[in-house]
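# Notes for the structure review
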Amino acid sequence: MSKQTPMIEQYLRIKAQYEDAFLFFRLGDFYELFFEDAKKAAKELEITLTGRGKGEGERIPMCGVPYHSAEQYIIQLIKKGYKVAICEQTEDPSQAKGVVRREVVQVITPGTVMEGNLIEEKNNNYLVSVSIFPGEVFGIASIDMTTGEFLVTKVNGYDSLIHEVAGYKPKELVIPTELLDEYEKDLSQRLGVTLSVGDGISEDDSLFSQLQDKESKIACGRLLNYLLQITKRSLDHLQPAMFYLPQDFMGVDVHSKRNLELIETIRDKKKQGSLLWVLDQTETAMGGRLLKQWIERPLVSKDHIEKRLGLVETLIDRFFERESLKEQLNGVYDLERLSGKVAFGNVNGRDMIQLKRSLQQVPSIFETVNSLGSEYATELIGQADNCQSLRELLETSIQEDPPVSITEGNIIKDGYHDELDHYRDAMRNGKTWIASLEQKERQETGIKSLKIGFNKVFGYYIEVTKANIPHLPEGRYERKQTLTNAERYITEELKEREVLILEAEEKSEKLEYELFMEVREKVKEYIRPLQKLASIISTIDVLQSFAEVAEKNHYVKPKMESDGDVSIVEARHPVVEKVIDQGDYVANDIHLNKEREMLLITGPNMAGKSTYMRQLALISIMAQVGSFVPAKEAVLPIFDQIFTRIGAADDLAQGQSTFMVEMLETKHAVTKATKDSLILLDEIGRGTSTYDGMALAQAIMEYIHHEIGAKTLFSTHYHELTSLAEELPKLKNVHVSAMEENGKVVFLHKVIDGAADRSYGIYVAELAELPEQLISRAKLILHEFESEQYPAKRPLTDEKTTMDEIATAREEVLHPTSQDVANQQLTLFGIQEEEKRDRGKGLTVKEKSVLEHIQSLNLLHVTPIEAIQVLDEIQRKLMKK
Ligand code: ADP
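Note that residues are indexed from 1 along each chain, following the sequence as it is written. Owing to the predicted nature of the model, reporting of local features is limited to residues with pLDDT of at least 70; listing and counting of side-chain atom pairs is limited to 80 or more, with chain, interface and lining totals taken over all residues. Only hydrogens and water are removed before side-chain values are computed, so all heavy atoms of the structure are retained for them.

### Describing the overall build of the protein
Worth spelling out the cut-off: Secondary structure is summarised from DSSP: a helix means a run of H or I of at least four residues, a strand means a run of E of at least two, and numbering begins at the N terminus for each. For every residue, the accessible area obtained with a 1.4 Å probe (protein chains only) is divided by the maximum for its type, and the residue is called buried under 20%, exposed over 50%, and partly exposed between those limits. Working rule for contacts: check all heavy atoms of both residues, and any pair within 4.5 Å makes them a contact. Accessible surface is estimated by sampling points in the Shrake-Rupley manner with a 1.4 Å probe; for residues, cover comes only from the protein chains shown.
A count of helical and extended segments in the protein gives 28 helices and 27 strands. Residues counted as buried form 52% of the 881 residues belonging to the protein. Counting contacts in the protein only where the partners sit at least 6 residues apart, residues at least 24 apart contribute 68% of the total. With an accessible surface of roughly 41,900 Å², the protein has 50% of that area assigned to carbon and sulfur atoms.

As structure tokens, then:
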């Protein structure tokens, strides 16, 4: 590269230290980007790419954004997962010798952004670091920079790491180089986060020296070091790291959180339609965030759950107190994020007013909570500092309606500081003096339109219109500026006053800024008590939200028992009952105990099998979060974990096929579940061929029955499986009833003991309004199947054939997948034949003839029944000795 100008050299030097970020390089009123950064930014931000330099060939690609509107561009980049390094001029350009000194003052990344519309009120913004140790032990530390929350934990195994980290929905992950080398693709694919390398460990351990183990300390140190490096600011609001073990909470893995739609719906990722949506009647943003955290981490401590439930009950009973509490909470702003801003240094007068207003609510909130007479409520408030001395400081110091800017005055109240009052007097006196001068001059010159004005360039002036100039005594004023219609003048006297006023203004602005900084420093001293207050207030807010929701939706208080039994009378699905017409929801009982550990649920599609399963999971989560539940009566155990394989939540975006996802989720369940867990498996095995799927489903049920003993709900459309209840004593059949009425199926949504007698596939197809001709054909085929061919070959029972099976069987014959072929080969040719091939003897005569037979078929002219006949022949041929 040819020699660069000194400024570009400086750019390149700085850029080399921030290779993974867009470098916003301050040049006067613009931030400029150069080289590759410029090309990429021009595309991402849709701004014009220009060039800098002499000859065409040597022009450096460049683009820029104005300094004052930079924020919106930065936000766009961060949203896309990029990082932005802000490089400012750190000396006055007029004083600089040579190139102005520039330094990066902050790097903004998706996990460290503090402001702007990237921060959602009711969502946390986590930055997470991972450290790896021998034996696949991982340390995980997380910080929400906006609230100061700092958490740390330890897990074993990569799979658990993914689940734990995904629970935070982090925006950014800080990892050592060795982890990046090994897992970069997998981590960014499975977690969809910005990855940052952080190899250093912070030496200052004041926030985590209290931790017991080395792994957690290193995870915290890595995160802090990274933060300090890129934010280059005070992080006084960070709370001491809090250690937890994943097993301190109910384990709900990522799949289950998604499948159960705890926080957002699967399809459009919206809150509406999720459990959070039903439960969120919080009044404060902090409460909203805490509720989300609670739902993501239900409790396992009976004591703690009962404390929450108890206070919810009290709040339901004490309607008036709850009403006032709601009103008081409504006046509380986001104390957590305000403290964060104070520490980070980007707080303004308006934030101080929000802080003051929030603190004004605190005594009455405490009073109301104390008046509830609940032990837990009083314990919650405990010895908390209600920060009223801070409130007084803010009341006396900060003006009611301050501007956004903190450098232009009008922030500090009169009477707070003598010197400021003095300047303000000078300014006010000066202004009165000017007003009286205007009067006096009008009188003496007789020019009524004479006025005294001010502008930033010329200062104070006396303005006389052109028409009145002849009336002006010669030499009375000194001319300063000529306009089209008027002349502007000054006098010695006015000049002197102007100096006084401007000096006072300048001094007062400067002093106000200093005083504001002083107030801010004092507020900083309150960060810990403010955070404590925030935590109390948000807890109360969530509990009042539970009370509100319970009352509105007629929930009951669950009884938490330790014997492992589930007994729910008239359970409802909290979300479905809200979205269907009122009163249409059919409540169902759920009973599980030692003799009835697993339920096999059959019934037509759309009958409500999956809704029934989900409602148990949601009710359990609600209870363990401390909420009342949608039922008439509920006795529940404390589940240590919930596993689900429900619905068609494809992970295709992440490159996994539906069936693979199904198996991964199942593996996760069967390897991690204990006898205290709840497992929900919906239509397991559906994603593969019939026999294959059925075999797997049966094996999974047997495994859970014999090896795990977890409470399990299992839905299936393989009716053959219902006979399993005869072999597995703790498995019971239930079915969701449906009725045929005038050739149409009517879903009753009622869950009844015993197996369903048939599947209603064709009727569902009819409901979906498939062509009539097709439906009649299906009915005919079904009839044929039921009467002759197929049932004879069914492996498990002699019950009627289901439509799904016919469809699958036909599918298998006509369009075998490679998986099917592989499976069939194994069963068709048997182990002995396999071995023969292994020994290099090629195909047997039998195999050859079978393959030739298959090859000779014209599939376009084969009916499903003929295909099955062919299969039958093949099988017979192969079984012959
Ligand atoms: P399945 O799993 O048997 O195919 P779903 O559980 O998905 O059926 O239920 C299908 C639809 O039926 C649901 O979306 C809901 O609208 C309705 N539904 C299910 N259970 C009930 C119920 N207990 N009361 C009223 N409507 C229900």
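From this point, the narrative continues.
### So, the sheet that holds strand β14 (residues 451–455)
The strands making up a sheet associate through backbone hydrogen bonding, with each pair oriented either parallel or antiparallel. Stated precisely, the cut-off is as follows: Two strands make a pair as long as DSSP finds a minimum of two bridges between them. Only C-alpha atoms enter the line fits that serve as axes; for helices the fit covers just the stretch in contact. Angles between N-to-C directions range over 0 to 180 degrees.
Taken in spatial order, the four strands of this open sheet run β14-β15-β17-β16, and their pairing is antiparallel. Bordering the open sheet on either side are β14 and β16 (478–482), each of which pairs with just one other strand. Put simply, the sheet's adjacent strands are angled 40° from each other on average, direction ignored. As defined by bridge partners, β16 adjoins strand β17 (residues 486–490) across four bridges and the pair is classed as antiparallel. Paired with Gln-481 across the strands is Arg-488, a residue of β17. Along the sheet, helix α16 (residues 418–445) contacts β14 and β15 (459–465); its crossing angle with β14, the most-contacted strand, is approximately 140°. Packing of helix α17 (residues 492–524) onto the sheet brings it into contact with β14, β15, β16 and β17, and relative to β15 it is tilted by some 140°.

### A closer look at the site of the ligand
Note the cut-off: Whether a residue is near a molecule or strand is decided by its heavy atoms; if any one of them lies within 4 Å of it, the residue is near. Under this definition, polar contacts are N or O atom pairs within 3.5 Å; protein pairs additionally need one hydrogen-donor-capable and one acceptor-capable atom, and for neighbouring residues in sequence, both atoms have to be side-chain atoms.
In the vicinity of the ligand, 13 residues are found, and the nearest of them are Val-586, Met-606, Lys-609, Ser-610 and Thr-611. Between Gly-608 and the ligand, the recorded distance is 3.0 Å, taken from a backbone N or O atom to an oxygen atom. Between the ligand and Ser-610, the relevant distance is 2.8 Å, taken from an oxygen atom to a main-chain nitrogen or oxygen of the residue. Here the ligand, which alone exposes 560 Å², has 77% of that area covered by the protein.

### Let's talk about the environment of Thr-484
You can see Thr-484 is positioned in the loop between β16 and β17. Classification of Thr-484 as exposed rests on a relative accessible area of 71%. Linking Thr-484 and Lys-466, residues 18 residues apart in sequence, is a C-alpha distance of 8.1 Å.

### Let's talk about helix α13 (residues 349–371)
As a reminder of what qualifies: To estimate how far a helix should reach, multiply one less than its number of residues by 1.5 Å.
Compared with the 33 Å implied by 1.5 Å per residue over 23 residues, the 34 Å span of α13 between its first and last C-alpha is a close match. In this structure Asn-348 caps α13, since a side-chain oxygen of it lies 3.1 Å from the backbone nitrogen of Arg-350. Of the residues one or two after α13, Gly-373 is the one with positive phi, at around 70°.

### A word on the UniProt feature "binding site: ATP" (unreviewed entry) in the protein
Which entries qualify depends on this criterion: UniProt positions are given in the numbering used here, feature names are shortened, and annotations may be inferred rather than shown by experiment.
As recorded in UniProt, the sites labelled "binding site: ATP" (unreviewed entry) are Gly-603, Pro-604, Asn-605, Met-606, Ala-607, Gly-608, Lys-609 and Ser-610. Along the chain, Ala-607 turns up in the loop between β21 (598–602) and α20 (609–625). The class of Ala-607 is buried, set by a relative accessible area of 1%. Look at Lys-609 and you get buried, because its relative accessible area is 5%. Contact partners of Lys-609, with chain neighbours within four places excluded, come to Ile-601, Thr-602, Gly-603, Pro-604, Glu-683, Ser-715, Thr-716 and Val-736.

### What to know about the pattern of salt bridges
Put simply, the rule is: We count a salt bridge whenever a side-chain nitrogen from Lys or Arg sits within 4 Å of a carboxyl oxygen from Asp or Glu.
Going through the model one piece at a time under the given rule, you end up with 48 salt bridges. Residue Glu-379 is joined to Lys-307 by a salt bridge in which the shortest nitrogen-to-oxygen separation is 3.2 Å. Of the two residues, Glu-379 is situated in helix α14 (residues 375–381) and Lys-307 in helix α10 (residues 302–317); the sequence distance between them amounts to 72 residues. Across the salt bridge formed by Glu-395 and Arg-391, the nearest N and O atoms sit 3.4 Å from each other. Separated by four residues within a single helix, Glu-395 and Arg-391 lie in helix α15 (residues 388–397), roughly one turn from each other. The class of Glu-395 is partly exposed, set by a relative accessible area of 24%. Connected through salt bridges with shared partners, the residues Arg-322, Glu-323, Lys-326, Glu-548 and Glu-551 form a single ionic network.

### Notes on the packing of aromatic side chains
Spelled out, the test is: Two rings belonging to Phe, Tyr or Trp (six-membered ring only in the last case) form a pair when the distance between their centres is within 6.5 Å. Interplanar angles under 30 degrees mark stacking, angles over 60 mark edge-to-face geometry, and anything in between is tilted. Remark: a charge is flagged as sitting over a ring if the NZ atom of Lys or the CZ atom of Arg is within 6 Å of the ring centre and within 35 degrees of the ring normal.
Tallied over the entire structure, the rule returns 15 aromatic pairs. Relative to Tyr-67, the ring of Tyr-31 lies with its centre 6.3 Å away and its plane at 55°, an arrangement referred to as tilted. Taken together, the positions of Tyr-31 in strand β2 (residues 30–34) and Tyr-67 in the loop between β4 (60–66) and α3 (70–79) put the pair 36 residues apart, joining distant regions of the chain. Judged by its relative accessible area of 5%, Tyr-31 is buried. Here a set of aromatic residues connected by ring pairs shows up, and it is made of Tyr-11, Phe-25, Phe-34 and Phe-35. Cation over ring: Arg-488 sits above Tyr-461, and NZ or CZ is 4.0 Å from the ring centre.

### Re the nonpolar core
Note the cut-off: Nonpolar core, defined: a set of buried Ala, Val, Leu, Ile, Met, Phe, Trp, Tyr and Cys residues in which side-chain atoms within 4.5 Å join the residues together.
With 114 residues, the main nonpolar core has Leu-390 and Ile-568 as its most contacted residues. The greatest single-element share of this core, amounting to 13 residues, is contributed by helix α18 (residues 527–553). Among residues more than four places away in sequence, those in contact with Ile-568 are Asn-588, Asp-589, Ile-590, His-591, Leu-616, Ile-619, Ala-631, Glu-633, Ala-634 and Leu-636. Counting 38 residues, the second largest nonpolar core, distinct from the first, contains Leu-23, Phe-25, Met-145 and Ile-230.

### Focus on the sheet that holds β4
Taken together, the six strands give an open sheet; going across it, the order is β3-β4-β2-β1-β5-β6, and neighbouring strands pair in mixed fashion. The sheet is open, and its two borders are formed by β3 (50–52) and β6 (102–108), each paired with just one other strand. Taking each pair of neighbouring strands and ignoring which way they run, the sheet shows an average axis angle of 35°. When β3 meets β4, the two strands line up antiparallel, connected through three bridges. Directly across from Gly-51, in β4, lies its bridge partner Pro-61. Relative to β4, helix α2 (residues 35–45) is tilted by about 55°, and along the sheet it contacts β1 (22–27), β2 and β4.

### Description of the confidence of the model for the protein
For the record, the criterion: Every residue gets a pLDDT, meaning the predictor's confidence in that residue, from 0 to 100.
With 89% of its residues at a pLDDT of 70 or more, the protein has an overall mean of 85. Of all the helices and strands in the protein, helix α26 (residues 818–838) carries the lowest mean pLDDT, 38, while strand β22 (residues 633–636) carries the highest, 98. This model gives residues 649–655 a pLDDT under 50, and the stretch forms 10 contacts once residues within four places in sequence are excluded. Predicted confidence is poor over residues 805–841, with pLDDT under 50, and the contacts of this stretch with residues over four places away or in other chains come to 41 contacts.

### Here we look at the pairing of strand β23 (residues 641–645)
In terms of residue burial, β23 counts as a mostly covered element, since five of its five residues are buried. Of the two faces of β23, the one holding Gln-641, Phe-643 and Arg-645 and the one holding Ile-642 and Thr-644 are both buried throughout. Taken together, the two bridges between strand β13 (residues 251–252) and β23 define a ladder with parallel strand orientation. Residue pairing across strands places Val-252 opposite Ile-642, the latter belonging to β23. Here four bridges tie β23 to strand β24 (residues 678–682), and the two strands are oriented parallel to one another. From the neighbouring strand, Ile-642 faces β24, where its bridge partner is Leu-678.

### Topic: the environment of Val-850
For Val-850, the position within the fold is in helix α27 (residues 845–856). A sequence separation of 28 residues divides Val-850 from Leu-878, and the C-alpha atoms of the two residues are 8.1 Å apart. Discounting residues that sit within four places of it in the chain, Val-850 has contacts with Ile-874, Lys-877 and Leu-878.

### Structural notes on the packing of α16 against α17
Applicable threshold: With respect to orientation, any angle under 35 degrees is reported as roughly parallel, any angle over 145 as roughly antiparallel, any angle of 65 to 115 as roughly perpendicular, and every other angle as oblique. Take the far helix as the reference: if the near one is turned anticlockwise from it by less than a right angle, the crossing is left-handed, and if turned clockwise, right-handed. Charged residues are taken to be Asp, Glu, Lys and Arg, nonpolar residues to be Ala, Val, Leu, Ile, Met, Phe, Trp, Tyr, Cys and Pro, and polar residues to be all remaining types, Gly included.
Axis separation between α16 and α17 bottoms out at 9 Å; the angle between their running directions is 150°. The orientation of α16 with respect to α17, classified from their angle, is roughly antiparallel. The hand of the α16/α17 crossing is left-handed. Touching Glu-419, Leu-420, Tyr-423, Arg-424, Ala-426, Met-427, Gly-430, Lys-431, Trp-433, Ile-434, Leu-437 and Lys-440 of α16 are Glu-493, Leu-494, Arg-497, Ile-501, Ala-504, Glu-505, Lys-507, Ser-508, Leu-511, Glu-512 and Leu-515, all from α17. A breakdown of the residues in the contact of α16 with α17 according to their chemical character gives 12 nonpolar, two polar and nine charged.

### Focus: the pairing of β24
A large share of β24 lies buried, amounting to five of its five residues. Sheet topology note: the β24/strand β25 (residues 711–715) ladder contains five bridges and is parallel. Within β25, the position partnered with Leu-681 by the bridge is Phe-714.

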